[in-house]
Amino acid sequence: QAASLGEGGTRSSEAYAAYLAGRGALVRYDQKENLPSARQSLERAVALDPNYALAFCALAETYWRLSVRELDASLKQKAIAAARQAVTLLSLIHI
């Protein structure tokens, strides 16, 4: 079940499904095709619900792992931006 909005979750079933697909691929990041798949699914999740903090957390990890694999500094910047967005969204919940 999706985490409640108060826990950084979503009410969008489509965003949740995309998040689950992305997390599933991310768990198996050692398989070459999984990180691009995770990226695609998680980018879709945050596009469907731009307030989905948990999806931003997973997207940050995905960008980071891709940046290490591909030695791409722009992906590190995307990882930092996604992590900051997740922190911002989570901090709004707990105000």
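Scroll up a little and you will see the structure.
Caption draft 1: Focus on the packing of helix α1 (residues 13–27) against helix α3 (residues 53–70). Here α1 crosses α3 at 35°, and the two axes come no closer than 10 Å. α1 and α3 meet at a crossing whose hand is left-handed. Contacts between α1 and α3 pair Y19, R23 and L26 from the former with L54, A55, A58, E61, T62 and R65 from the latter. Along the lines of polarity and charge, the residues of the contact of α1 with α3 split into five nonpolar, one polar and three charged.

Caption draft 2: Looking closely at the environment of A17. Take A17: it is sitting in helix α1. Given the relative accessible area of 45%, A17 is considered partly exposed. It is 8.7 Å that separates the C-alpha atoms of A17 and S41, two residues lying 24 residues apart in sequence.

Caption draft 3: Geometry of the pattern of salt bridges. Throughout the structure, instances matching the rule amount to four salt bridges. When the shortest N-O distance is used, the salt bridge between R44 and E14 registers 3.1 Å. Of this pair, R44 sits in helix α2 (residues 34–48) while E14 sits in helix α1, placing them 30 residues apart in sequence. By relative accessible area, which is 48% here, E14 ends up partly exposed. The salt bridge involving E61 is made with R65; its shortest N-O contact spans 2.9 Å. Of this pair, E61 and R65 both sit in helix α3, four residues apart, which is roughly one turn of the helix. Overall, R65 belongs to the partly exposed group, its relative accessible area being 27%. Because the salt bridges share partners, they merge into one network encompassing R23, E61 and R65.

Each value, and the rule that gives it
Residues numbered from 1 in each chain as written. Predicted model: local features only at pLDDT ≥ 70, side-chain atom pairs only at ≥ 80, totals over all residues. Heavy atoms only, no water. Axes fitted to C-alpha atoms, helices over the stretch in contact; angles between N-to-C directions. Helix = DSSP H or I, 4+ residues; strand = E, 2+ residues; numbered from the N terminus. Left-handed = near helix turned anticlockwise from the far one by under 90°. Contact = heavy atoms within 4.5 Å. Nonpolar A, V, L, I, M, F, W, Y, C, P; charged D, E, K, R; others polar. Buried < 20%, exposed > 50% of the residue type's maximum accessible area, 1.4 Å probe, protein only. Salt bridge = Lys/Arg side-chain N within 4 Å of Asp/Glu carboxyl O.

Interpretation in functional terms is not warranted from these geometric data alone.
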